[in-house]
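Structural description and commentary
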Amino acid sequence: MMTALLFIVMAMLGTIVQTVSGFGFAIIAMMVFPFLTGNVTTAASIAGLFALTNASMNAYTYREHIEWRIVLLPFAAYMVFGTIALECIGKMSNEWMMRLLGVALICAGLYFFFFQSRIKIKPTKKNAFLAGSISGVLGSLFAIAGPPMALYYTMLIENNKYKYLACINAYFLLTNTYISILRACNGFLGLVEIKCWLVGLIGLVLGRVIGGKLLDKVDGVFIKKIVYAVTIMSGIYYIIFK
């Protein structure tokens, strides 16, 4: 009962923060879900279902602004490298997965904290494939597929918030659908993970409602900085204590 309540609370908090600041739900979820499940792969499978749910709703909302031409190439790269990464999961112990998750969280926190506005890449097809490849590895292992694609789409789509939100959520809709099917086929996504997701949907719905009401009343930048700091500290904890 307590675990179910924590899934609801974390789904709600993650969705509120994402709605207010635009910060990725999956990163917030992966700071806590491994504590609840005791296994990184199980946590990533559940977080991926939540990410799929959020992306589905957002992609539908901004569907008129989706430009599939700039979504499909990185998605193709994601499929290739996400599949390879998923095949490697069975060869790694949960202890090593915890450590790698810690490294991923620290890198994500440092990127968003210090380098997000400094790193610039050219929006070429080569970089689209590269971003999709990195996204595939991170998404497959830890459900953290956002940072590379956020960087790429920010450079590609300038001064058009709705097109940016439409394309990145369309990308997440495709990738999370694909990786969830792949996880299910490989035995990483079953009834236990689906039950956790269904319970957490209560929090997701509440989070969208509350986040929408807070959107214009809180400082999104301040919330982002808090989340970045917690992300780094969570990563350090996973590395040290596994």
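Anyway, here's the lowdown on the structure attached to this text.

Reading the values: the criteria
- As a convention, each chain's residues are numbered from 1 in the sequence order in which they are written.
- Side-chain atom pairs in this predicted model are given and counted only at pLDDT of 80 or more, local residue features only at pLDDT of at least 70, and totals for whole chains, interfaces and linings cover all residues.
- Remark: hydrogens and water are excluded; side-chain values derive from all non-hydrogen atoms of the structure.
- Runs of H or I in DSSP of at least four residues are treated as helices and runs of E of at least two as strands, each being numbered from the N terminus.
- Each residue's exposure class comes from its accessible area (1.4 Å probe, protein chains only) as a fraction of the maximum for that residue type: buried when under 20%, exposed when over 50%, partly exposed otherwise.
- Note on definitions: a residue-residue contact is assigned when non-hydrogen atoms from the two residues lie within 4.5 Å.
- The method works on a 1 Å grid over the protein atoms by themselves. A cavity is a set of points holding a 1.4 Å probe that cannot get out, a pocket is an open set with protein on both sides within 12 Å along at least five of seven lines, and residues with an atom within 4 Å of a point line them.
- Grid points are joined across faces, edges and corners, and a volume is the space filled by probe spheres set on the points.
- Classification used: nonpolar for Ala, Val, Leu, Ile, Met, Phe, Trp, Tyr, Cys and Pro, charged for Asp, Glu, Lys and Arg, polar for all others including Gly.
- By salt bridge we mean one thing: a side-chain nitrogen of Lys or Arg within 4 Å of a carboxyl oxygen of Asp or Glu.
- Only buried Ala, Val, Leu, Ile, Met, Phe, Trp, Tyr and Cys residues count toward a nonpolar core, and they belong to the same one when joined by side-chain atoms within 4.5 Å.
- Here an angle of 0 to 180 degrees is reported between the N-to-C directions of two axes, which are lines fitted to C-alpha atoms, with helices fitted over the stretch in contact.
- Crossing handedness is defined as follows: a turn of the near helix away from the far one that is anticlockwise and smaller than a right angle gives a left-handed crossing, while the clockwise case is right-handed.
- Patch membership needs two things, relative accessible area over 30% and no salt bridge, and members are linked within 9 Å if like-charged or within 5 Å if nonpolar (Val, Leu, Ile, Met, Phe, Trp, Tyr).
- Methods summary: accessible areas were calculated by the Shrake-Rupley approach with a probe of 1.4 Å, and residue burial reflects only the protein chains presented.

1. Topic: the environment of A143
- As for its position among the elements, A143 is in the loop between α7 (125-142) and α8 (146-156).
- Its relative accessible area of 11% is what places A143 among the buried residues.
- Those residues in contact with A143, other than ones at most four positions away along the chain, are A26, A44, A47, G48, L138 and R183.

2. Section: the layout of surface pockets
- In this model, the second largest pocket occupies a volume close to 340 Å³.
- Y111, I134, P147, P148 and L151 are, among the 15 residues lining the second largest pocket, the residues nearest its centre.
- Of all the secondary-structure elements, those providing two or more residues to the lining of the second largest pocket are α6 (94-115), α7 and α8.
- The greatest single-element share of the lining of the second largest pocket, amounting to five residues, is contributed by α7.
- Partitioning the lining of the second largest pocket into residue classes produces 14 nonpolar, one polar and no charged.

3. What to know about the pattern of salt bridges
- Throughout the structure, instances matching the rule amount to three salt bridges.
- Across the pair R69 and E67 runs a salt bridge whose closest N-O atoms are separated by 2.4 Å.
- You can call R69 exposed: its relative accessible area is 65%.
- Across the salt bridge formed by R99 and E95, the nearest N and O atoms sit 3.7 Å from each other. Here the residue R99 and the residue E95 both occupy positions in helix α6, the gap between them amounting to four residues, near one helical turn.
- On the basis of relative accessible area, R99 is assigned to the partly exposed category, the value being 26%.

4. Regarding the nonpolar core
- M30, F33, L101, F142, Y153 and Y171 are the most contacted members of the largest nonpolar core, which totals 61 residues.
- If near-sequence neighbours (up to four positions away) are discounted, L101 is found in contact with M30, P34, V40, F142, I144 and Y238.

5. Side note on the packing of helix α4 (residues 40-61) against helix α9 (residues 161-185)
- Running from amino to carboxyl end, α4 crosses α9 at an angle of 145°, the nearest separation of the two axes being 8 Å. Considering only the axes of α4 and α9, their crossing is left-handed. From α4, A44, S45, G48, L49, A51, L52, N54, A55, S56, N58 and A59 reach across to α9, where they touch N169, A170, F172, L173, N176, T177, S180 and R183.
- A breakdown of the residues in the contact of α4 with α9 according to their chemical character gives nine nonpolar, nine polar and one charged.

6. So, a nonpolar patch on the surface
- Among the surface-exposed residues, F35, V103, I236, Y237, I239, I240 and F241 lie close enough to one another that they form a single nonpolar patch of about 660 Å² accessible area.
- The element that contributes the greatest number of residues to the nonpolar patch is helix α11 (residues 220-241), accounting for five residues.
- In this structure, V103 sits in helix α6.
- On the accessibility criterion, V103 (41% relative accessible area) is partly exposed.

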